[in-house]
Structure formats: C-alpha cells, structure tokens
Amino acid sequence: MNLKRLSAGLAVALLGAAAPAWADDVVTVGMILPMTGPSQSTGKQEQAAAQLFIQQHGDTVAGKKIKLEIKDDTGAADVTKRLAQELVTNDHAAALMGFGLTPLALAVAPIATEAKVPEIVTAAATAIITEKSPYIVRTSFTLPQVSAPMADWCLKNNIKKVVTIVTDYGPGVDAEKWYSETFTKGGGTIAEQIRVPLKNPDFAPFLQRVKDDAPDAVFVFVPSGFGAVFMKQFIERGLDKSGIKLIGTGDVTDDDLLADIGDAALGAVTTHHYSVAHDSPENKAFVQAFEKANNGMRPNFMAVAAYDGMALLYRALEKTKGSTDGDALIAAMKGESWMSPRGKVTIDPDTRDIVQTVYVRKVEKVDGQLYNVEFASIPDVKDPFKASKH
Ligand code: PHB
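Position numbers for residues count from 1 along each chain, tracking the sequence in the order it is written. Two thresholds apply to this predicted model, a pLDDT of at least 70 for residue-level local features and 80 or more for giving and counting side-chain atom pairs, whereas whole-chain, interface and lining totals are computed over all residues. Hydrogens and waters are ignored; side-chain quantities use all the structure's heavy atoms.

### A look at the nonpolar core
Core analysis: the biggest nonpolar cluster contains 75 residues, and I66, Y179, F286 and M333 have the highest contact counts within it. Per element, the largest residue contribution to this core is 13 residues, and it comes from helix 11 (residues 301-319). We call two residues in contact whenever any of their non-hydrogen atoms come within 4.5 Å of each other. Contact partners of F286, with chain neighbours within four places excluded, come to L52, Y274, P299, A303, V304, Y307 and P341. In this description, a nonpolar core means a group of buried Ala, Val, Leu, Ile, Met, Phe, Trp, Tyr and Cys residues linked to one another through side-chain atoms lying within 4.5 Å. When a residue's accessible area, from a 1.4 Å probe over protein chains only, is under 20% of the maximum for its type it is buried; when over 50% it is exposed; and in between it is partly exposed. Strands here mean DSSP runs of E at least two residues long; helices mean DSSP runs of H or I at least four residues long; both are numbered from the N terminus.

### Some remarks on the sheet that holds strand 6 (residues 136-138)
On the basis of which strands lie adjacent, the open sheet formed by six strands has the order 2-3-1-4-5-6 and mixed pairing. On the outer flanks of this sheet lie strand 2 (60-61) and strand 6, each paired with one strand and no other. Relative to strand 6, strand 5 (residues 119-121) runs parallel, the two being bridged by three bridges. In the strand pairing of strand 6, I120 is matched with V137. Fitting a line to C-alpha atoms yields each axis, with helices limited to the stretch in contact; the angle taken between N-to-C directions then spans 0 to 180 degrees. The strands touched by helix 4 (residues 102-115) within the sheet are strand 4 (95-98), strand 5 and strand 6, with strand 5 carrying the most contacts at an inclination of about 160 degrees. In short, DSSP must find at least two bridges between two strands for them to pair.

### Description of helix 2 (residues 40-57)
For a helix, the expected span equals 1.5 Å multiplied by the number of residues minus one. The terminal C-alpha atoms of helix 2 lie 26 Å apart, and with 18 residues this matches the ideal 26 Å at 1.5 Å per residue to within 8%. Those residues of helix 2 that are buried lie in contact with strand 1 (26-33), strand 3 (64-72), strand 4, helix 10 (281-293) and helix 11. Remark: G58 follows helix 2 within two positions and exhibits a positive phi of approximately 85 degrees.

### Some details on the site of the ligand
Proximity criterion: a residue is near a molecule or strand once any of its heavy atoms comes within 4 Å of it. The environment of the ligand is formed by 14 residues, the closest being T102, A125, Y169, S224 and D251. One of the side-chain nitrogen or oxygen atoms of T102 is found 2.5 Å away from an oxygen atom of the ligand. Side-chain atoms alone can form a polar contact between residues adjacent in sequence; in general such a contact is a pair of N or O atoms within 3.5 Å, and within protein one must be able to donate a hydrogen while the other accepts it. Contacts to the ligand include A125, whose backbone N or O atom sits 2.8 Å from an oxygen atom. To be clear on the numbers: accessible area is Shrake-Rupley with a 1.4 Å probe, and residue cover counts the displayed protein chains and nothing else. Against a free-state accessible area of 280 Å², the protein chains account for coverage of 100% of the ligand.

### Points about the side chain of N283
Position of N283 among the secondary structure elements: in helix 10. Residue N283 is classed as buried on the basis of its relative accessible area, which comes to 1%. Here N283 is in contact with Y274, S275, V276, A277, H278 and P341, once residues within four sequence places are set aside.

### Focus: the packing of helix 2 against helix 11
The contact between helix 2 and helix 11 brings their axes to 7 Å, and the two run at 40 degrees. Our classification of the angle between helix 2 and helix 11 gives oblique. Considering only the axes of helix 2 and helix 11, their crossing is right-handed. From helix 2, T42, Q45, E46, A49, A50, L52, F53, I54, Q56 and H57 reach across to helix 11, where they touch M302, A303, A306, Y307, M310, A311 and Y314. Amino acids are sorted into nonpolar (Ala, Val, Leu, Ile, Met, Phe, Trp, Tyr, Cys and Pro), charged (Asp, Glu, Lys and Arg) and polar (every other residue, Gly among them). The residue inventory of the contact of helix 2 with helix 11, partitioned by class, reads 12 nonpolar, four polar and one charged. An angle below 35 degrees is read as roughly parallel, one above 145 as roughly antiparallel, one from 65 to 115 as roughly perpendicular, and any other as oblique. Here is the rule for handedness: rotate from the far helix to the near one, and if that takes an anticlockwise turn smaller than a right angle the crossing is left-handed, while a clockwise turn gives right-handed.

### Let's talk about the packing of aromatic side chains
To pair, rings of Phe, Tyr and Trp, with the six-membered ring standing in for Trp, must have centres within 6.5 Å; the planes then decide the type, stacked if under 30 degrees apart, edge-to-face if over 60, and tilted in the middle. Scanning all chains against the criterion turns up 11 aromatic pairs. Their ring planes at 75 degrees and their centres at 6.5 Å tell us that Y274 and F286 sit as a pair that is edge-to-face. With Y274 in the loop between strand 11 (269-272) and helix 10 and F286 in helix 10, the pair connects residues that are 12 residues apart, well separated along the chain. Arranged with centres 5.8 Å apart and planes meeting at 50 degrees, the rings of F286 and F290 form a pair that is tilted. Taken together, the residues F286 and F290, both in helix 10 and four residues apart, mark about one turn of the helix. The exposure class assigned to F286 is buried, which follows from its relative accessible area of 2%. Residue classification places F290 among the buried positions, given a relative accessible area of 0%. Grouped by ring-pair contacts, the aromatic residues F53, Y274, F286, F290, Y307 and Y314 constitute a single cluster. The side chain of R298 reaches across the aromatic face of Y371, ending 4.1 Å from its centre. A positively charged side chain is recorded as over a ring if its NZ (Lys) or CZ (Arg) lies within 6 Å of the ring centre. The angle to the ring normal must also be within 35 degrees.

Quick look at the structure:
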C-alpha cells in the first residue's frame, strides 16, 4: 500500500471515529452572549449559570448528549447574526440561546424562523421581541412587566411627582412608557422624561436637570452592567443627598454590581423578578452552588434566566423524547411551568413570554452586604403589553 492510499484510508477512518457535532445523539445548544464589551457581566453570568445547570442535571437528556457552544458576539448585532447563522448551518444547532441586548435578539429572529430553530431569549427584555418569530421563547422578563408594578407602588406610597430617566432604546422606551402611563392614569405627575444614549452614556448633565425639577423620585432604567456608572454620577451630582428618592426596575441595582455601587444605593426601591436574597429553598441551593462554582460571584437576574433557559430546554427535550424538531420543541415549551430560584414560572402558551412573580425590593445592608430585600410581591404577572392586545 503506498503512503498516499494509507493516509487517505486513515482520514476516512478518523472522520468516522470523530462524531460530528450534529450526530443524531448530540444536541448542540448555541449560546450567543456578550462576553466582552460593556455588557460582559451578562455574558459572564449567563455562561456560569448554563454551565452550572448542566453540571447539576447531567449532560444527557432523553438519551441525547447536550453540547453547549458559547460564542462571544461582543454586543454587536451583525456579529450575533453571523454567529447564529454559522451555528445553525455548520453546527446544526438544535437551539439558540442568550442574547444580552434587544438588538442582538432581534437580529436572530429571521434566522430562527427560517431554520425553524428555537431562539430562547434569556436576557433581552423589550416586549415586542417574542412577536418577531414564532420560534422565540423568553425566560428573562419584559420591561412593561416590571415597570407598571413600580408605578402602582409609587401611587400607594405618596410619590406624586416623578422624573423618568432611561437608556434610549427598546427596553428603556418600554420602561418609560409603562411606568409613566400607569403612574399618570393613577393620578401621578411626570415632570420630565429623559433618555440617555446606550453608547458611552453620560448621565451627569441629565442628572442636573433632575435635581432642578425637584421631583419626589427619579425612576431609572439602565441595562444590566450600566448601573454602577449611573450611580457614580448620581452621587457626584449630590442626588443621593437631595431627598429625591431613587426608584426603578431592578436592572439599576443589579446584584452583580451592588457591592461596587456601595452605600449610595441604600434605600433604593425597585421592582424586579429576581433578587439573590430571595428567600426560598430553591434559591438558597442555587446561590450556594453558583457562588461555589464561581469563586464567590453572586448570581444576578441574568444568571437565573439562563439557568431557567436550560431548564426549559431540558424539560422540552424530555417531552419530545429527545426529538429536536423545532416545532415539537416550541410546542413542548408552551405552558411549561416549574419552580425556579426566583419562584414559580410559566411559559405563557399564547405569547411564549414568561409569567412570574414581580417583587418590590429595597436596598438594605444585611450582615454587612448590600442586598435587594424583597418586601412585597405580585404573583403571576404577565407581560402587560401583550395582555393589553388580547
Ligand atoms: C435589553 O437590551 O433588552 C436589556 C438588556 C439588559 C437589561 C434589560 C434589558 O438589564
């Protein structure tokens, strides 16, 4: 046998031996996250949570081996789109997951539809996202879902005049609209609505305006990862000592950033679906395991959504008996309900969004550390944007 024929034979043998990623018994999950750039805390949190889920529940479900492929889109939508296309075409991914910002989730919607592959959104939270493809399912939250309850709390707690300040893109616009409309319908006054760019945000000049308006409270939405920048400028402008109350969605007092923000956050009241301090046996076990696996890093609301994204996929694969047919997986996900570290969650069969408890929390010090301490809860909250249309 000459050398050429031998090496050709070897190549064939090797090809046969190394099972390709799309072998029948392998389910590739393409997780696309911002691992670098200003939203990298979302990437870091979600990667850790997805890996923890697999470590705890095993990498085999319904006879299929789960292969998690993590890709860094740097927070740029054109990169997200290219990575999603490659994962579907080259790796035959059975599901796409992650999406740290709204534009990144939206960029993948046409690919999910075309390839009939579930797009499990575990971060991005603009209400309309799930309407962009019948293959999108979300395990994070929506901004209307957490913003309207904040307005209800204000109306009951003697807050009459508010300035809103939000990051100027999908989720910020949702937060502004649903907070303001609910608040004014109940008799409150919005003194001013301020929007700050997503890229290189400088809040300082806007915060001076907030001070001049002298409202009872300032309602804030900034995406996860941006809260520390906002709070630094809030303190520099002396707003922490102005008597103007800080309220918002829980994105600004992100558990991952609270220690960096420091005591200036004390007393801030926010509404959100997850706090690391949530008092339940499921959450205690989750936090303990997450911190142990990640050098003491606290899980935040992004982590819990990625953990639940994996939980949802595992549950769906069990129901389809391992079939990765996109339509079968989506059908299996609709109506699924389980106990998450955040409390009971359900995938709304009509909207594919998550139904969950929204908590009202206050930043307090417990054993020397800052936490969003829950003090009230509203169970089974649906995304009100979709509920308003049905
Ligand atoms: C979003 O871009 O949809 C987004 C990102 C981070 C958040 C909330 C929403 O904390």
